[in-house]
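# Observations on the model geometry
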Amino acid sequence: MTKHHIALIPGDGIGTEVLPAARRVLDAVGDFSYQEFDWSCERLAREGAMMPPDGLARLRDHDAILLGAVGAPAVPDHVSLWGLLIPIRRGFQQYVNLRPIRARGIDMVVVRENVEGEYSEIGGRLGRGTPDELAVQESVFTRKGVGRVAAYAFALAGRRRGLLTSATKSNGIVHTMPFWDEIVAEHAAAHPAVRWEQEHVDALAAKFVLDPGRFDVVVASNLFGDILSDLAAAVAGSIGLAPSANLNPERAFPSMFEPVHGSAPDIAGQGVANPTGAIGSAVLMLEHLGLDEAARRVTDALSKTSARTPDLGGSATTEEFTSRLLSLL
Ligand code: NAD
Ligand code: IPM
Ligand code: MN
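Residues numbered from 1 in each chain as written. Chains lettered and ligands numbered in written order. Predicted model: local features only at pLDDT ≥ 70, side-chain atom pairs only at ≥ 80, totals over all residues.

## Observations concerning the nonpolar core
Formed by 93 residues in total, the largest nonpolar core has its most connected members in L66, V111 and A282. Once residues lying within four places of it in the same chain are set aside, the contact partners of L66 are I6, L8, L19, A22, F257, S281, A282 and M285. (Core = buried A, V, L, I, M, F, W, Y, C linked by C-beta atoms within 7 Å. Buried ≥ 20, exposed ≤ 12 C-beta atoms within 10 Å, placed from the backbone. Contact = placed C-beta atoms within 7 Å.)

Next comes the structure, spelled out in structure tokens:
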């Protein structure tokens, strides 16, 4: 079997605690070589940048990237995130962000647009400190960008239970959303077997809480998808459970796998972070690499383990959870 080359970026906070757990699980089910990168807020303090100028080139030849989390209290988030996480998602055209949630009767996938929308670089702050100070940021939605994520979501729904929900806010206020709706509707024609609906994102948030079991695939813009995926994970029990895949579906560039949660400074260093999101991200990576049997074994073990970290009301440490999981593999 071919050996896969994985780039590991633990990053900051609990990223450095959950990524080693994911690596131990990977080593139990397959044969991987790793290159570890110390790109982080610590590196920023030491060397003046989150990653080296040729960072993307160094990642380019790996089969996949596994990332922990980025962000530390001492560093403004726009510096750390625009310095590491966002350039990888954009530079490698990882325009689909898959965020599956399966627990407590919920089995849905949020398909988040991952490179445009509300997360634009157009805008800024003017008149800092003056009474007339202002901040603007343009949302950028393109026919190509919305179309490709809509196409992906329809196809995914067709392989699952056949229901696609599009998150919108087209009730007259946000001008970009009627455009989003039109493009999603155009793609419906090619997928007659998929039932599709659109929901205003505020009402949809309420339905995620009241009736989460009815959702199958949910397609959403960058910001809406970000918020909805934390919400879905919390309804399923904890944001520590949720995995994600930043995919370049054309495979022109490596894809990146990371838990949905952040660096959790409030619990970092205590060894109690739930590694399920990171381990689930490794499972998504195994599937992406075609290692379906290994992915199935880990998913099975995750469903069987009775270990619970504190976020789920238990007292297992990250290390205890991982060891118990490994004993099931
Ligand atoms: P967060 O996800 O780090 O934490 C939110 C809450 O959830 C905290 O109370 C935390 O303790 C808890 N939590 C998160 N993951 C957990 C886990 N695995 N086990 C148990 N509890 C867990 O979100 P935040 O506090 O908004 O952000 C903290 C930092 O992380 C910021 O710098 C933010 O920008 C960054 N961030 C990075 C990413 C990423 O790298 N993809 C994602 C989100 C936030
Ligand atoms: C996520 C995070 C990031 C995002 C932030 C930290 C930039 O919340 O991966 O969900 O919004 O994409
Ligand atoms: Mn988020």
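## A short note on the confidence of the model for the protein
Looking at the protein, pLDDT values average 97 and 100% of them are 70 or higher. The ipTM assigned to the predicted complex is 0.99, against a pTM of 0.98. (pLDDT = per-residue confidence, 0-100.)

## A short note on the site of ligand 2
Taken together, L81, D226, V260 and G262 make up all the residues around ligand 2. Among the residues making up the shell around ligand 2, the classes are represented as two nonpolar, one polar and one charged. (Near = placed C-beta within 6 Å. Nonpolar A, V, L, I, M, F, W, Y, C, P; charged D, E, K, R; others polar.)

## Quick word on the packing of helix α7 (residues 201–210) against helix α8 (residues 222–235)
In a packed pair of helices, the relevant descriptors are the angle between the two axes and the axis-to-axis distance. At a closest axis distance of 9 Å, the pairing of α7 and α8 adopts a crossing angle of 15°. By the angle between their axes, α7 is roughly parallel relative to α8. In this structure, the crossing between α7 and α8 has a hand that is right-handed. Between α7 and α8, the residues in contact are V201, A205, F208 and V209 and F224, L228, L231, A232 and V235, respectively. (Axes fitted to C-alpha atoms, helices over the stretch in contact; angles between N-to-C directions. Helix = DSSP H or I, 4+ residues; strand = E, 2+ residues; numbered from the N terminus. Parallel < 35°, antiparallel > 145°, perpendicular 65-115°, else oblique. Left-handed = near helix turned anticlockwise from the far one by under 90°.)

## Focus on the sheet that holds strand β8 (residues 163–168)
Overall, mixed pairing links the ten strands, which are arranged β2-β1-β3-β12-β11-β4-β5-β10-β8-β9 in an open sheet. Here the strands that pair on one side only, and so sit at the sheet edges, are β2 (32–36) and β9 (195–200). On average, adjacent strands in this sheet sit at an angle of 25° to one another, irrespective of strand direction. Sheet topology note: the strand β1 (residues 4–11)/strand β3 (residues 64–69) ladder contains five bridges and is parallel. Bridge pairing in β3 places I6 opposite A64. The strands that helix α5 (residues 143–159) touches are β4 (96–103), β5 (106–113), β8 and β10 (217–220); relative to β5, the one it contacts most, it runs at about 160°. Helix α6 (residues 176–188) rests against β8, β9 and β10 of the sheet, and its axis sits at about 165° to β8. (Pairing = 2+ DSSP bridges.)

## Overview of the site of ligand 1
Around ligand 1 sit 22 residues, and of these G71, G240, H261, G262 and N274 come closest. When its residues are assigned to classes, the shell around ligand 1 shows eleven nonpolar, seven polar and four charged.

## Describing the environment of F253
Note on placement: F253 falls in the loop between β11 (243–247) and β12 (256–259). Sequence separation between F253 and Q93 is 160 residues; the distance between their C-alpha atoms is 7.3 Å. Leave out the neighbours within four places in its chain, and F253 touches F92, Q93 and N248.

## Re the domain arrangement of the protein
What the domain assignment lists for the protein is domain 1 (1–95 + 242–329) and domain 2 (105–235). Taking the mean C-alpha position of each, domain 1 and domain 2 sit 24 Å from one another. Residue-level contacts link nine residues of domain 1 with ten residues of domain 2. A per-class count over the side of domain 1 that touches domain 2 returns four nonpolar, three polar and two charged. (Domains from an automatic or database assignment.)

## Side note on helix α11 (residues 318–327)
Each α-helix winds once per 3.6 residues, and so residues spaced three or four apart point in a common direction. Where α11 is concerned, the buried positions are T318, F321, T322 and L325. For α11, the arc enclosing every buried residue in end-on projection is 95°, short of the 170-degree limit, so these residues lie on one face. Next to the buried residues of α11 lie α1 (15–29) and α10 (292–304). (Arc of directions from axis to C-beta.)

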